[in-house]
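Architecture and fold: a report
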Amino acid sequence: MSASGYLAPNQIYQGDARALLAQLRPESVSLSFWSPPYFVGKSYETELDFPTWSELLRQTIDGHFVVIAPGGFLAVNIADILAFEDPDMPRIQADNVSAKKVKITREQVLAAQQANPGFDKYRLAALLGCSEQTIDRRLKNNNVRGGKYTPQTRVQLTAGLVEQWASEAGFYLYDRRIWVKDPCWENSRWHSLSYRAVDEFEHILIFWKPGITVVNRERLDAGEWAEWGSRAVWNIPSVRSNSDHESQFPLELPRRMVKLLTEADDLVLDCFVGSGTTALAAIEQGRQFLGFDLSPNSVKLATRRTAEAFAASQLLLL
Ligand SMILES: C[S@@+](CC[C@H](N)C(=O)[O-])C[C@H]1O[C@@H](n2cnc3c(N)ncnc32)[C@H](O)[C@@H]1O
């Protein structure tokens, strides 16, 4: 907290994004770029049901209108929800004629597990002559397509919801880009035995707050304009799931947003800052930063990474 009573820039704060936004100096943020919880079952979103998730996003977007500078931007990176549980959806038979019927029952798996307490799913699969996915399905009912005991799943598009909440808050949709990451084979069990595609792209929705926006095309060089500045589709490999944080941005993603939409010394906010990647891009590009996160572990990680990046940037100036 600064002497003015508002949150001081160049720090990471722990707390709910909505409460912290209310403590920011009005009209101080040139760009807010973030990726919220996606409602896809990550560990930091297990408490959320869909109405609570929707309210979190709607209220967070609404809380931005006061803090974004006139002519500034709010940019949201979000994916569609590919396996959205819908109890009202009629059951898909998924009668796959090319698939062999697996006869192993849950009781057989439980009996094998009891007889061999140390066995993991791979050894149980070898013992019973089936795949480890069958073992998983029998033990956890985790067939994400919706199985015999779980609701069916469908796709829920998110960009339209975010657009509606942003326009209700007073923003205008200025631009949209598609981030093509690498195919998420590990998370794609939901598409096996179906006609569905694997998950390999996300949306970036860029909203504008009415006010004077200076368009400075000098921020990017000719090569950058040709390669990505004027391009709607951005190919940037994602960060593989790692022990630091479950869903890190690749640095190149916030780097492009910061370079394109802000000037030196502008304030860049990420109110779901996670491991701090947006703040790192801001430091690298000579901008000020602010980060919020509910999780104390994320705050610790982002604080450490930003302190290291800031120290490195000071060394470069010497
Ligand atoms: C998709 S991750 C962001 C990852 C980040 N872009 C990075 O590069 O590491 C979403 C983050 O939002 C945080 N979060 C969830 N609910 C929150 C809330 N109500 N307020 C602030 N942060 C929240 C989670 O702890 C998680 O770190």
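Preceding this section is the structure that the text describes.
Reading the values: the criteria
Residues numbered from 1 in each chain as written. Predicted model: local features only at pLDDT ≥ 70, side-chain atom pairs only at ≥ 80, totals over all residues. Heavy atoms only, no water. Pairing = 2+ DSSP bridges. Helix = DSSP H or I, 4+ residues; strand = E, 2+ residues; numbered from the N terminus. Axes fitted to C-alpha atoms, helices over the stretch in contact; angles between N-to-C directions. Contact = heavy atoms within 4.5 Å. Buried < 20%, exposed > 50% of the residue type's maximum accessible area, 1.4 Å probe, protein only. Polar contact = N/O pair within 3.5 Å; in protein donor to acceptor, adjacent residues only side chain to side chain. Phe/Tyr/Trp six-rings, centres within 6.5 Å; stacked < 30°, edge-to-face > 60°. Lys NZ or Arg CZ within 6 Å of the ring centre and 35° of its normal. Near = heavy atom within 4 Å. Areas by Shrake-Rupley, 256 points an atom, 1.4 Å probe, with all protein chains shown as cover. Nonpolar A, V, L, I, M, F, W, Y, C, P; charged D, E, K, R; others polar. Core = buried A, V, L, I, M, F, W, Y, C linked by side-chain atoms within 4.5 Å. Salt bridge = Lys/Arg side-chain N within 4 Å of Asp/Glu carboxyl O.

What follows concerns the sheet that holds strand E3 (residues 68-78). What the eight strands build is an open sheet, ordered E1-E10-E9-E2-E3-E7-E6-E8; its pairing is mixed. Two strands bound the open sheet, and with one partner strand each, they are strand E1 (11-14) and strand E8 (233-235). For this sheet, the mean inter-axis angle between neighbouring strands, taken without regard to orientation, is 20 degrees. The sheet contact formed by strand E2 (residues 29-34) and strand E9 (residues 267-270) spans two bridges and is parallel. Within E9, the position partnered with Leu31 by the bridge is Val268. Along the sheet, helix H8 (residues 252-261) contacts E2, E3, strand E6 (172-180), strand E7 (201-208), E8 and E9; its crossing angle with E2, the most-contacted strand, is approximately 160 degrees. Here helix H9 (residues 277-284) sits on the sheet and contacts E1, E2, E9 and strand E10 (288-293); the angle it forms with E10, its principal contact strand, is near 175 degrees.

Inspection of the secondary structure puts Gln14 in strand E1. On the basis of relative accessibility, which here comes to 44%, the residue Gln14 falls in the partly exposed class. Counting along the chain gives 278 residues from Gln14 to Phe292, while the straight-line C-alpha distance between them is 5.8 Å. Gln14 has contacts with Leu20, Asp293, Leu294, Ser295, Pro296 and Val299, leaving out every residue within four places of it along the chain. A polar contact is formed between the side chain of Gln14 and the backbone oxygen of Leu294, at a distance of 2.7 Å.

Quick look at the packing of aromatic side chains now. Ring pairs (aromatic) are described by centroid distance and by the angle formed between their planes. Going through the model one piece at a time under the given rule, you end up with nine aromatic pairs. Each ring, one from Phe50 and one from Trp53, has its centre 5.5 Å from the other, and the planes form 25 degrees; the classification is stacked. Of this pair, Phe50 and Trp53 both sit in helix H2 (residues 50-67), three residues apart, roughly one helical turn. Given the relative accessible area of 21%, Phe50 is considered partly exposed. Given a relative accessible area of 0%, Trp53 falls into the buried group. Within the aromatic cluster, the residues linked to one another by ring pairs are Phe50, Trp53 and Phe84. Stacked on the ring of Trp225, the Lys or Arg Arg217 has its end atom at 3.7 Å from the ring centre. The ring centre of Trp234 lies 5.2 Å from the NZ or CZ of Arg256, which sits over that ring.

Moving on: the site of the ligand. Residues in contact with the ligand amount to 22 residues; listed here are only the nearest, Ala17, Phe249, Ser275, Thr277 and Asp293. With respect to the ligand, the side chain of Asp16 contributes an N or O atom lying 3.2 Å from a nitrogen atom. A distance of 2.7 Å separates an oxygen atom of the ligand from a polar atom in the side chain of Thr277. The fraction of the free accessible surface of the ligand (610 Å²) that becomes covered by protein chains is 97%. Looking at the shell around the ligand, its residues break down into ten nonpolar, ten polar and two charged.

Our next topic: the nonpolar core. The nonpolar side chains of a soluble globular protein tend to be buried, and buried together. With 36 residues, the main nonpolar core has Leu24, Ile61, Ile78, Val162, Phe207, Leu269 and Phe292 as its most contacted residues. Setting aside residues up to four positions removed in sequence, Ile78 forms contacts with Pro36, Tyr38, Trp53, Leu57, Thr158, Val162, Glu202, His203 and Leu205. Of all hydrophobic cores here, the second largest spans 28 residues; its members include Leu253, Leu260, Val273 and Ala282.

What follows is about the pattern of salt bridges. In a structure, side chains of opposite charge can pair up when their charged atoms sit close to one another. Taken as a whole and assessed by the stated rule, the structure comprises 15 salt bridges. In this structure, the salt-bridge partner of Arg255 is Glu252, at a minimum N-O distance of 2.7 Å. Highlighted residues: Arg255 and Glu252, both in helix H8, separated by three residues, approximately one helical turn. With a shortest N-O distance of 3.5 Å, Arg304 and Glu308 are connected by a salt bridge. Of the two residues, Arg304 and Glu308 both sit in helix H10 (residues 296-317), four residues apart, roughly one turn of that helix. A residue is classified by how much of its surface remains accessible, and Glu308, at 46% relative accessible area, is partly exposed. Several salt bridges converge on common partners, so that one network encompasses Glu252, Arg255, Arg256 and Glu284.

One non-glycine residue with positive phi stands out, namely Asn10, at about 65 degrees. Along the chain, Asn10 turns up in the segment before E1. Residue classification places Asn10 among the partly exposed residues on the basis of a relative accessible area of 35%. Here Glu27, not a glycine, exhibits a phi torsion of approximately 55 degrees, which is positive. Along the chain, Glu27 falls in the loop between helix H1 (17-21) and E2.

Distances and angles like these do not, on their own, reveal function.
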